[in-house]
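Chain by chain, the residues:
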Amino acid sequence: MYLGLDLGTSGVKALLIDAGQGVIGSGHGTLDVSRPHPGWSEQDPLHWIRACEDAIAELKAAHPGQFAAIEGIGLSGQMHGATLLDAADQVLRPCILWNDTRSHVEAAALDADPRFRALTGNIVFPGFTAPKLAWVKNNEPAVFAKVAKVLLPKDFLRLWLTGEHISEMSDSAGTSWLDVGKRRWSSELLAATSLEEKQMPSLVEGTEKAGALRAELASRWGIAAGTPVAGGAGDNAASACGMGTVGAGHAFVSLGTSGVLFAANAAYLPNPASAVHTFCHALPNTWHQMGVILSATDSLNWLSEITGKGAGELTSELGETLKAPTGVSFLPYLSGERTPHNDSAIRGSFTGLAHESGRPVLTQAVLEGVAFAFRDSLEALKTAGTTLTRVTAIGGGSRSRYWLKAIATALQVPVDIPADGDFGAAFGAARLGLIAATGADPLAVCSAPRTDATIEPDAALGGAFADAYHRYRALYPAIKAVTA
């Protein structure tokens, strides 16, 4: 048996697979996000431990006889979070999360230093870790002075699991401190934020052993002490391992809280000007590119809260047949946007509203707005040298066939739906745990699932969607001119 632990923004998932990669079961623990000020997003790292305990307890209660057979553990987690520890490994302040934009001034200052784009292959986004530390230094100097270690969220869980300060390449590539081409910390970039390499965790590949389960936890859970914990991956790279998106040209579209268009690459292909993320993959000698939308299903959830209708109710009102865009456009910039704009201040909007614009019209516009944001990412990937011919859909939003039809038509590429199963980040983490424990071939383990169905672009609506996308593209500069 192999255990995958995925630390998300809204909860922790524990997934158990067997040696044949069959899913045995899963457990969940819930998390909340604190937003003490506009643009802020924080969590207490100790809550991650509680949620992990809850997820494992639920999984073990359902499968009590299986835990003794666990031979490897893999970790996945939300990226970019700044988890600050003192010399005694005590948490100094709430973790500043990936979707927190308070450090936009510091991010711009670091991005103006040409070394950052040259060494990391990426723009310094406000959501990345380095500008958050610059913000802490500027605004909470007493906290900054006590920082002995900076860990990413999943690596704080690793510290609890193993007692080790270790990270891996895919997650660390999102800090703005990693030399992404050489897969190592950059002392130059660390110094630019008044930090040293000794304050960083050591680095391994995601497929390598990165600590062993502590005896206390092993005894409590009925797992062998010393069970290896894999390096693991950031959530998107872990999802790619779960989906088998590890070879050049393979891609997926993830409809989660945020949205991701992810393409695997066999070489390091940076193009920071396109606002595409170029990161290390979880497998050795492999990289990936991502276009990132900050509010994907979050946009539909927002409309759900406003209307008092569940997200499933809203999409069901549209039926199964894709409709032509109505002329109402939605910009999904509820908390700023990454690709292609790198704009933390921009905010969302509806335009083209009329008396007849009822709830279904607003829902349709939200789904199309997110689809067009993915189209923006597709165009940015093309600029960065990656052309996609098809994508596989994952994430909670992919349960809506209407949404997938809109995405396929907006992107003008087929969207594959995997056969029933759990192929997300927790599954990818479990696969990495298997590889670390057994030394199995990563490419053989990280195979693609069987495709259950393929959604082709709607040829009859291609022109209407192209016109709507052109309108969507024109709105950003117009809205930016009046957004503070």
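The notes below deal with the structure included here. (Residues numbered from 1 in each chain as written. Predicted model: local features only at pLDDT ≥ 70, side-chain atom pairs only at ≥ 80, totals over all residues. Heavy atoms only, no water.)

### Some points on empty space enclosed by the protein
- Per the stated rule, a full pass over the model turns up three cavities of 30 Å³ or more.
- Size it by volume and the largest cavity reaches roughly 80 Å³.
- Forming the walls of the largest cavity are 13 residues, and the residues nearest its centre are Thr101, Pro126, Leu294, Arg338 and Ser344.
- Of the residues in the lining of the largest cavity, the class split is four nonpolar, five polar and four charged. (1 Å grid on protein atoms, 1.4 Å probe; cavity = no way out; pocket = protein on both sides within 12 Å on 5 of 7 lines; lining within 4 Å. Points joined across faces, edges and corners; volume = space filled by probe spheres on them. Nonpolar A, V, L, I, M, F, W, Y, C, P; charged D, E, K, R; others polar.)

### Quick notes on unusual backbone geometry
- Of the consecutive residues Thr339 and Pro340, the connecting peptide bond is found in the cis state with omega at 5°.
- Here Pro340 shows up in the loop between β20 (329-331) and β21 (349-351).
- Unusually for a residue other than glycine, Asn285 sits at a positive phi of about 55°.
- Along the chain, the position of Asn285 falls in the loop between β18 (277-280) and β19 (287-293).
- Owing to a relative accessible area of 60%, Asn285 belongs among the exposed residues under this scheme.
- Although it is not a glycine, Gln412 sits at a positive phi angle of roughly 60°.
- With respect to the helices and strands, the residue Gln412 is situated in the loop between α14 (401-411) and β23 (415-418). (Helix = DSSP H or I, 4+ residues; strand = E, 2+ residues; numbered from the N terminus. Buried < 20%, exposed > 50% of the residue type's maximum accessible area, 1.4 Å probe, protein only.)

### A word on the packing of helix α2 (residues 104-111) against helix α4 (residues 129-139)
- Where α2 meets α4, the axes come as close as 8 Å, and the angle between the chain directions of the two elements is 120°. Note on packing geometry: the crossing formed by α2 with α4 is right-handed. Facing α2, whose interface residues are Glu106, Ala107 and Leu110, α4 presents Ala130, Pro131, Ala134, Trp135, Asn138 and Asn139.
- When grouped by side-chain class, the residues that make up the contact of α2 with α4 number six nonpolar, two polar and one charged. (Axes fitted to C-alpha atoms, helices over the stretch in contact; angles between N-to-C directions. Left-handed = near helix turned anticlockwise from the far one by under 90°. Contact = heavy atoms within 4.5 Å.)

### Structural notes on the side chain of Thr227
- As for its placement among the helices and strands, Thr227 is situated in the loop between α9 (215-221) and β14 (228-230).
- Taking relative accessible area as the criterion, Thr227 reaches 3% and is therefore assigned buried.
- From its side chain, Thr227 meets the backbone oxygen of Ala224 in a polar contact 2.5 Å long.
- If sequence neighbours within four positions are ignored, Thr227 has contacts with Ile70, Glu71, Gly72, Ile73, Gly211, Ala212 and Leu213. (Polar contact = N/O pair within 3.5 Å; in protein donor to acceptor, adjacent residues only side chain to side chain.)

### Here we look at the pairing of strand β2 (residues 11-17)
- In terms of burial, β2 is a largely internal element, seven of the seven residues being buried.
- Here strand β1 (residues 2-7) pairs with β2 via six bridges, running antiparallel. If you follow Tyr2 over to β2, its bridge partner there is Ile17.
- Between β2 and strand β3 (residues 23-30), which follow one another and run antiparallel, lie five residues, and Gln21 among them has a positive phi close to 70°. (Pairing = 2+ DSSP bridges.)

### Examining the sheet that holds strand β16 (residues 251-255)
- Strand order in the open sheet formed by seven strands is β18-β19-β17-β16-β22-β23-β24, and the pairing between neighbours is mixed. Because the sheet does not close on itself, it has two edges, and the strands there are β18 and β24 (451-455). Taking the axes of each pair of neighbouring strands and ignoring which way they run, one obtains an average angle of 30° across the sheet.
- Across four bridges, β23 lies against β24 in antiparallel orientation. Residue pairing across strands places Val415 opposite Ile455, the latter belonging to β24.
- Seen against the sheet, helix α10 (residues 235-243) touches β16, β17 (259-265), β19, β22 (391-394) and β23 and runs at an angle of roughly 65° to β17.
- The sheet strands contacting helix α13 (residues 359-383) are β16, β17 and β19, and the helix crosses β19 at an angle near 145°.

### Concerning the pattern of salt bridges
- Scanning the entire structure with this criterion turns up 23 salt bridges.
- A salt bridge links Arg93 to Glu42, with the nearest nitrogen and oxygen atoms 3.2 Å apart. On the criterion of sequence distance, the pair formed by Arg93 in the loop between β6 (83-85) and β7 (95-96) and Glu42 in strand β4 (residues 42-43) is long-range, its members being 51 residues apart. Here Arg93 and Glu42 have matching classes, each one buried. (Salt bridge = Lys/Arg side-chain N within 4 Å of Asp/Glu carboxyl O.)

### A few points about the pairing of β22
- Of the two faces of β22, the one holding Val391 and Ala393 and the one holding Thr392 and Ile394 are both buried throughout.
- Two elements, β22 and β23, share two bridges in a ladder whose sense is parallel. In the sheet register, Val391 faces β23, and the bridge partner there is Val415.
- Read from β22 through α14 to β23, the crossover connection turns out right-handed. (Right-handed = clockwise from strand over helix to strand, strands pointing away.)

Shape is all these values report; function is a separate question.
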